[in-house]
Amino acid sequence: MSQVLAACWHTSEDTIGKLPDWRDKHPDMLPTKAFRHTSEDEALAEYEELAAQVTPAGDIWRAAVQRGIAAAPVIRERQAVAVDA
């Protein structure tokens, strides 16, 4: 678990450092606000670009689970061969 968190931090550190600067430039901007003025679109686009560069640990865990599920048939086949041998 600590390796995943460390890797996420390592790949996201620069961007995470830029997010407070974005907040300072746009103190009243809420990225999750349902309704916003069109003048806020550029700020929101900048935020979304920054947020897309952050690697959440949950993304890594979900990808690992999906990969494990996809590999299940191969694993079962190898186990069956090992038992028969």
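The rules behind each value
- Along each chain, residues carry numbers from 1 onward, in the same order as the chain's sequence is written.
- Under the rules for a predicted model, residues below a pLDDT of 70 receive no local features and side-chain atom pairs below 80 are neither given nor counted, while totals for whole chains, interfaces and linings still include all residues.
- With hydrogens and water set aside, each side-chain value is computed from the structure's full complement of heavy atoms.
- Counting from the N terminus, the helices are DSSP H or I runs at least four residues long and the strands are E runs at least two residues long.
- Burial classes follow relative accessibility: with a 1.4 Å probe on protein chains only, a residue under 20% of its type's maximum area counts as buried, one over 50% as exposed, and anything between as partly exposed.
- One side-chain nitrogen of Lys or Arg within 4 Å of one carboxyl oxygen of Asp or Glu is enough to make a salt bridge.
- The score called pLDDT rates the predictor's confidence residue by residue, from a low of 0 to a high of 100.

Let's shift gears to the environment of Met-1. Along the chain, the position of Met-1 falls in the segment before helix H1 (2-25). Judged by its relative accessible area of 67%, Met-1 is exposed.

So, about the pattern of salt bridges. Enumeration according to the criterion identifies two salt bridges in this entry. A salt bridge links Lys-25 to Glu-46; its shortest N-O distance comes to 3.0 Å. Residue Lys-25 is located in helix H1, and its partner Glu-46 is located in helix H2 (residues 41-52); the two are separated by 21 residues in the primary sequence. By relative accessible area, which is 29% here, Glu-46 ends up partly exposed.

Quick look at the confidence of the model for the protein now. Looking at the protein, pLDDT values average 89 and 99% of them are 70 or higher. Ranking the elements of the protein by mean pLDDT puts helix H3 (residues 57-84) last with 90 and H1 first with 93.

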